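What follows is each chain in one-letter form.
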Amino acid sequence: MAEFEEAAKEVVEFVKTKAVEIDRNNEMDKSVLEELFGKKLMGVIAPQRYGGLGMGYVEASRLVEELAKVSAAVAHSVFVHNIAADAILKFGSEEQKRKYLKSLTSRKLGAVAITEPSGGSDVANAIKLRAEKKGDKYIMNGTKMFITNSTHADIFIVVARTGEGRRGLTALIVEKNDGIEVIKLNPSGMRGSGLGTVRFKDVEVPEENVLLEEGKGLRVALGILAPGRIPFAAMGLGIAEGCFEHVLNYVKKRGAFGQKILNFQAVQFMLAEVAADIEATKILIYHAAELAKENDVTVLAAMTKLKSAELAKKVADVAVELHGGYGILSNTLVDRAYRDAKTLDIAEGTSEMMKLIISRALLS
């Protein structure tokens, strides 16, 4: 554990020097990925026999939280990569694990391609990308959209339609060199996380690349999306913490009306409320992460994602307000936090979908 924490600390310090450039250029720095792979932080959940660290959602969440304090883009990229690896770990055959997990933990970046232009929240019905079985191959045609890591990923976990209804979805492992085309997108938040549109035109994928079995794609998708929301929620916590630390330093230096603005009770109360929210959200997230290894945490994970997104937006809003005119300038830390926080509100399941998951469980 001490070795993991030290490696994470070193990587965070390195990412800190690249964060502004990554955001400005909307481009992941290759040296950042090399550093992450070099310190084995791209295989936090994967077992050691496949080159990973053999840890759990607690450690994955901690890594994402610390990275998000300095760069939500890098945190998001690492999160999605580890979820792609987790899909193969949970649902892959032993042959698939040997072939792909070792690559994902050592040098190749992973992505998860579920969302399409028609939507992403309604996984069971929105997917239109077809995977038609011909002999021992699947021929794939269609489009995935808003796919993190897609511009520089090597291995994609793709959910495609092989039949009708909920049982007509199949998850496949697709390699970039199978012939997919990626078009880079220009988001306002989490810039540099490799967001793109992925096009499939007669892409051939061997049948041995099916995860679990044909028709079980929805099970695969929900099996990684639900617990995966916990480290994603940790990203919101990290955004909030990094932004809060920055604004605390600012109000201690900024003067107005002959005194530091920290002395105004209105400012003190804003900061006190935010500090309490951060601690409450942290407890919720790591409680869920502790339970994730052996329990169904679908509802609890939805709660963590919902509260984390609300927290990140609230802290970023407070930071912008307390910075006054400086808060609305572009290419600043609070500007980046504000944009990243709103992106968090939508990505990996909107807040409205989280409320739907929670309410259904309460009323069932």
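As named in an unreviewed UniProt entry, the protein is Acyl-CoA dehydrogenase, taken from Archaeoglobus sulfaticallidus PM70-1. As recorded by UniProt, the Cofactor (unreviewed entry) comment attached to the protein reads in full: "FAD". Under the heading Sequence similarities (unreviewed entry), UniProt records this for the protein: "Belongs to the acyl-CoA dehydrogenase family."

A. Here's a closer look at the pattern of salt bridges. One pass over the structure, following the stated rule, counts 21 salt bridges. For Lys39, the salt bridge identified is with Glu10, shortest N-O distance 2.8 Å. Taken together, the residues Lys39 in the loop between helix H3 (30-38) and helix H4 (57-68) and Glu10 in helix H1 (residues 2-16) connect sequence positions 29 residues apart. Taking relative accessible area as the criterion, Glu10 reaches 36% and is therefore assigned partly exposed. Among the ionic pairs, Lys307 bridges to Glu310, the shortest N-O distance being 3.0 Å. One end of the pair, Lys307, and the other, Glu310, are both in helix H10 (residues 298-322), 3 residues apart, so they sit about a helical turn from each other. The partly exposed category is assigned to Lys307, whose relative accessible area is 40%. A relative accessible area of 33% places Glu310 in the partly exposed class. Through salt bridges with shared partners, a single ionic network connects Glu66, Lys69, Glu241 and Lys282.

B. Up close: the nonpolar core. Ranked by size, the top nonpolar core spans 102 residues in total, and within it Leu36, Leu67, Val74 and Met235 carry the most contacts. A total of 18 residues in this core trace back to one element, the largest contributor, which is helix H8 (residues 217-253). Excluding residues within four positions of it along the chain, Val74 makes contact with Val15, Ile22, Met28, Val32, Leu36 and Leu67. In terms of nonpolar packing, the next biggest core, distinct from the first, is built from 19 residues, Val174, Ile180, Val198 and Val210 among them.

C. Summary view of the domain arrangement of the protein. Domains assigned within the protein are domain 1 (1-108), domain 2 (111-215) and domain 3 (218-363). A C-alpha centroid distance of 21 Å is found between domain 1 and domain 3. On the domain 3 side, the residues contacting the 23 residues of domain 1 number 26 residues. Surface buried jointly by domain 1 and domain 3 totals about 2100 Å² across both partners, of which 68% is contributed by carbon and sulfur atoms. Our count for the contact surface shared by domain 1 and domain 3 stands at 2 salt bridges.

D. Layout of the side chain of Thr304. Looking at where Thr304 falls in the secondary structure, it is placed in helix H10. Thr304 sits in the buried class, given a relative accessible area of 0%. A polar side-chain atom of Thr304 sits 2.6 Å from the main-chain carbonyl oxygen of Ala301. Not counting residues up to four positions away in its chain, the partners in contact with Thr304 are Arg229, Ile230, Ala233, Leu284, Ile285 and Ala288.

Here is what the cut-offs are and how they apply
Residues numbered from 1 in each chain as written. Predicted model: local features only at pLDDT ≥ 70, side-chain atom pairs only at ≥ 80, totals over all residues. Heavy atoms only, no water. UniProt positions renumbered as here; feature names shortened; annotations may be inferred. Salt bridge = Lys/Arg side-chain N within 4 Å of Asp/Glu carboxyl O. Helix = DSSP H or I, 4+ residues; strand = E, 2+ residues; numbered from the N terminus. Buried < 20%, exposed > 50% of the residue type's maximum accessible area, 1.4 Å probe, protein only. Core = buried A, V, L, I, M, F, W, Y, C linked by side-chain atoms within 4.5 Å. Contact = heavy atoms within 4.5 Å. Domains from an automatic or database assignment. Buried area = accessible area lost by both parts, 1.4 Å probe. Polar contact = N/O pair within 3.5 Å; in protein donor to acceptor, adjacent residues only side chain to side chain.

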